[in-house]
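# A closer look at the structure
Chain residues, written in single-letter form:
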Amino acid sequence: MAGSAIVVDQLTKRFGSVTALDRVGFAVPAGTVFGLLGPNGAGKTTAIRILTTLLRPDGGSATVLGLDVVRDAAAVRHQIGLAGQYAAVDEHLTGRENLRLIGRLAQLRRAEFRARTDQLLTRFGLAEAASRPVRTYSGGMRRRLDVAAALVARPPVLFLDEPTTGLDLLSRNELWAVIRELVADGTTVVLTTQYLEEADRLTDRVAVIDRGRVIADDTAAALKASLGSTVVEFDMADEQAAARAAVALAGRRGPRPERESSHVRLTSNDSSAVLIDSLHTLEVSQLRPVAVQVRPPSLDDVFLLLTGHHAEDAQAGADGPERRGAA
Amino acid sequence: MTAVPLPLQRPARRLFGPVRDVLAVAGRNLNVIRRTPRLLVFSTIQPLVFLVLFRYVFAGVAEKTLPPGIPYVDYLMPGIFVQVTVFGAMNTAIGLAADLQTGLLERFRSLPMSRVAVLAGRTLADLARNVFVVALMTGVGFAVGFRIHNGAGPFLGGLVLVLMFGLAMSWVYAVVGLAVGDPETAQAAGFPILAPLVFASSAFIPVTTMPGWLQAFAAHQPVSYSASAVRALVLGGPAATYIWDSLAWYAAIIIVFAPLGAWLYRRAA
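Residues numbered from 1 in each chain as written. Chains lettered and ligands numbered in written order. Predicted model: local features only at pLDDT ≥ 70, side-chain atom pairs only at ≥ 80, totals over all residues.

A word on the overall build of chain B. Assigned secondary structure in chain B consists of 11 helices and zero strands. Ordering the α and β elements of chain B from the N terminus gives α-α-α-α-α-α-α-α-α-α-α. Across the 269 residues of chain B, 45% fall into the buried class. Of the contacts made within chain B by residues no fewer than 6 positions apart, 82% connect residues no fewer than 24 positions apart. (Helix = DSSP H or I, 4+ residues; strand = E, 2+ residues; numbered from the N terminus. Buried ≥ 20, exposed ≤ 12 C-beta atoms within 10 Å, placed from the backbone. Contact = placed C-beta atoms within 7 Å.)

This is the structure:
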């Protein structure tokens, strides 16, 4: 394994009475993609903001390429690129002007940032729109420009906070491709996401974050494997029907059913066999599901497995245990 | 867990780096002003309306309080110059608050650039904007009868003085903008600071016409000192005391508000 590009140890951050990060620790090997996976308000953005020197931690430490994010903050800024959760670009400037401004402020030489700007505009499909003010751009175009801005200085470490939020499928695939290219060139990438699928496609390793704590640090594939590759979910007419269905399904071989209010869920690696088999079981028991879903496991399923509760948004966390997490 | 040292990106240590940063940010802000001519037009219409209204509405009453031989328009214009630069400085609050809201400030803060460049570049751009507005007001002032009594040199010196005041006030508004964090609130929060300074002053009406308790404030605040200094430069008469008092005020304002602004910038959310 190559050296660690990022080492986070016992990192703690409090906002008033809320502990946003609670002794978080992880290490990111150089030249890999690391994912921070969790629902809204779990602490992902706080971690990114500390690593990018925007926020000072209350405890613990974090280093980027061996540089302490508090003591050596100025030096850290020479090593990083950041694309935050919202497209941080100037509406009134053109796409080209935005990138050149960032290049200039990143202390690049004129010839260098000019060439780099044109290259990135082409790479992100913005060459034609380069001379138009950003205010005329679509949401996806702004997002791409924002990510391009993070790349102007060719930073060895790149932070992307929910980079694909608001992107259409095409732009998202394009961005994934860019990230893979960067990693092939040796860049270390830290990204946050709410989607297990994205983490699985893109990251070498993920830390699952729940209310400021790391509850798992593994490969996305291993997380998925521990869940089974597919979730089969039956929506029953009411809770009694669901309870009876759970009992019936528990009586047969295969994955253990999990019931939650009027839903019964089976997770497995062989969805078609489970589907045929369990539908047969339900038919025999004269339990007819209202709806059947077959889907890949979501962040919510990971949370259920790891914590026994749903992936809750922080806002709903205190009073919404019944709420079905958006995943 | 120890980090294995990796080859770091070696930044070129550049001469005048911070100056370049300030100019880059100022250039960007001027570009934005240029791209939004509507904003510039409407924000210059307001002081023009003030000038023309005050010139004709107050002239009859105000001239009774002035020494004979001084037309009200010549008394008024120095006050108008101070007023427009102080109003113009409010753009600093609005612009910074907008950058804070869009996340652009956060991006700047993650870049290896000077920590004061964003504020200094903003105040510099607003200074340039004020130069434009003051030039425009000078032209309109002459058109409505304003005449300088003391030669072009002192007059231009007076304009430089009010522009310096505008620059100092920009730092006050930088603090306001960063503290409130959204442009609408910045505008609303800016006005209560600005209105008493501009109107409870000698900018439009001699302080001696005001009640005693108000005179105490009105006579000793920077708008009055600045207006009196420019007035002395335009109309003739001893100006040195007013100029030094004004400069002392500007220095004091910057000494207090520039570090406060820089501190807010470093911890901006």
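A separate point is the overall build of chain A. A tally of helices and strands in chain A yields 12 helices and 14 strands. Its C-alpha atoms put chain A at 75 × 45 × 40 Å along the principal axes. Classification of the 327 residues of chain A by burial places 51% in the buried group. Sequence-distant contacts, at least 24 apart, represent 66% of the contacts inside chain A between residues at least 6 apart.

Below, the discussion takes up the confidence of the model for chain A. With 94% of its residues at a pLDDT of 70 or more, chain A has an overall mean of 86. Ignoring residues within four places in sequence, the model shows residues 314–327 of chain A, a span with pLDDT below 50, making 23 contacts including any to other chains. (pLDDT = per-residue confidence, 0-100.)

Residues and elements named next belong to chain A. Bridge analysis of strand 1 (residues 4–15) against strand 4 (residues 59–64) gives five bridges, and the strand direction is antiparallel. The partner of valine 8 across the bridge, within strand 4, is alanine 62. With two bridges connecting them, strand 4 and strand 5 (residues 67–68) associate as antiparallel partners. The partner of threonine 63 across the bridge, within strand 5, is aspartate 68. Between strand 4 and strand 5, which pair antiparallel one after the other, the connecting turn spans two residues, and leucine 65 there sits at a positive phi close to 50°. (Pairing = 2+ DSSP bridges.)

To describe two helices that pack against each other, one gives the angle between their axes and the distance between the axes. All names here are of chain B. The N-to-C vectors of helix 4 (residues 72–102) and helix 10 (residues 222–235) enclose an angle of 135°; their axes lie 9 Å apart at closest approach. As the angle between them shows, helix 4 and helix 10 are arranged oblique. Our pair here, helix 4 against helix 10, has a crossing hand that is right-handed. In this structure, helix 4 contributes Asp74, Tyr75, Pro78, Gly79, Phe81, Val82 and Val86 to the contact, and helix 10 contributes Val223, Ser226, Ala227, Val230, Arg231, Val234 and Leu235. (Axes fitted to C-alpha atoms, helices over the stretch in contact; angles between N-to-C directions. Parallel < 35°, antiparallel > 145°, perpendicular 65-115°, else oblique. Left-handed = near helix turned anticlockwise from the far one by under 90°.)

Time to look at the environment of Asp210(A). Residues and elements named next belong to chain A. The topology assignment puts aspartate 210 in strand 9 (residues 205–210). Overall, aspartate 210 belongs to the buried group, with 22 C-beta atoms counted inside 10 Å. Considered as a pair, aspartate 210 and arginine 252 are 42 residues apart in the sequence and their alpha carbons are 34 Å apart. Sequence-distant contacts of aspartate 210, that is, excluding residues within four places in its chain, are made with Gly38, Ala42, Ile215, Phe303 and Thr307.

Let's shift gears to the interface of chain B and chain A. Across the boundary between the two partners, chain B contributes 29 residues, which contact 35 residues of chain A. Where the side of chain B that touches chain A is concerned, the elements lending two or more residues are helix 1 (17–35) and helix 5 (104–109) of chain B. The dominant element in the side of chain B that touches chain A, judged by the number of residues it contributes, is helix 1 of chain B, at seven residues. Residue composition of the side of chain B that touches chain A, by class: 15 nonpolar, seven polar and seven charged. (Nonpolar A, V, L, I, M, F, W, Y, C, P; charged D, E, K, R; others polar.)

What follows covers the packing of helix 8 (residues 220–227) of chain A against helix 11 (residues 299–307) of chain A. All names here are of chain A. One can describe the packing of helix 8 onto helix 11 by two numbers: an axis separation of 10 Å at closest approach and a directional angle of 70°. As summarised for this structure, helix 8 and helix 11 are arranged roughly perpendicular, according to the angle between their axes. Residue-level inspection shows Leu223, Ser226 and Leu227 of helix 8 in contact with helix 11, the latter providing Asp301, Val302 and Leu305. Across the contact of helix 8 with helix 11, the residue classes break down as four nonpolar, one polar and one charged.

Right, let's get into the environment of Ile80(A). Note that Ile80(A) resides in strand 6 (residues 80–83). On the basis of neighbour count, Ile80(A) is assigned to the buried category, with 27 C-beta atoms found within 10 Å. Put simply, Ile80(A) and Phe159(A) are 79 residues apart on the chain and 7.3 Å apart in space, counted from C-alpha to C-alpha. Filtering out sequence-adjacent residues up to four positions away, Ile80(A) remains in contact with Thr52(A), Val64(A), Pro155(A), Val157(A), Phe159(A) and Ser110(B).

With that settled, consider helix 1 of chain B. With 19 residues, helix 1 of chain B should cover 27 Å at 1.5 Å per step; its first-to-last C-alpha distance of 27 Å lies within 8% of that length. Taken residue by residue, helix 1 of chain B has Asp21(B), Val22(B), Ala24(B), Val25(B), Ala26(B), Arg28(B), Asn29(B) and Val32(B) as its buried positions. The inward-facing, buried residues of helix 1 of chain B abut helix 3 (95–105) of chain A together with helix 4 and helix 6 (117–143) of chain B. (Expected span 1.5 Å × (residues − 1).)

Let us look at the domain arrangement of chain A. Taken domain by domain, chain A consists of domain 1 (4–219) and domain 2 (230–295). Inter-centroid distance (C-alpha atoms) of domain 1 of chain A to domain 2 of chain A is 41 Å. (Domains from an automatic or database assignment.)

It is worth spelling out the sheet that holds strand 8 (residues 188–193) of chain A at this point. Residue and element names in this part refer to chain A. The sheet built from six strands is open, its strands ordered 6-7-8-3-9-10 with mixed pairing. Every interior strand has two partners, whereas the edge strands, strand 6 and strand 10 (213–218), have only one. Each neighbouring strand pair of the sheet contributes to a mean axis angle of 15°, computed without reference to strand direction. In terms of strand pairing, strand 9 meets strand 10 through five bridges, oriented antiparallel. By the bridge assignment, valine 206 is partnered in strand 10 with aspartate 218. Across the face of the sheet, helix 5 (residues 139–151) comes into contact with strand 6 and strand 7 (157–161) while running at roughly 170° to strand 6. Against the sheet, helix 8 makes contact with strand 3 (33–37), strand 9 and strand 10, and its axis sits at roughly 95° relative to strand 10, the strand it touches most.

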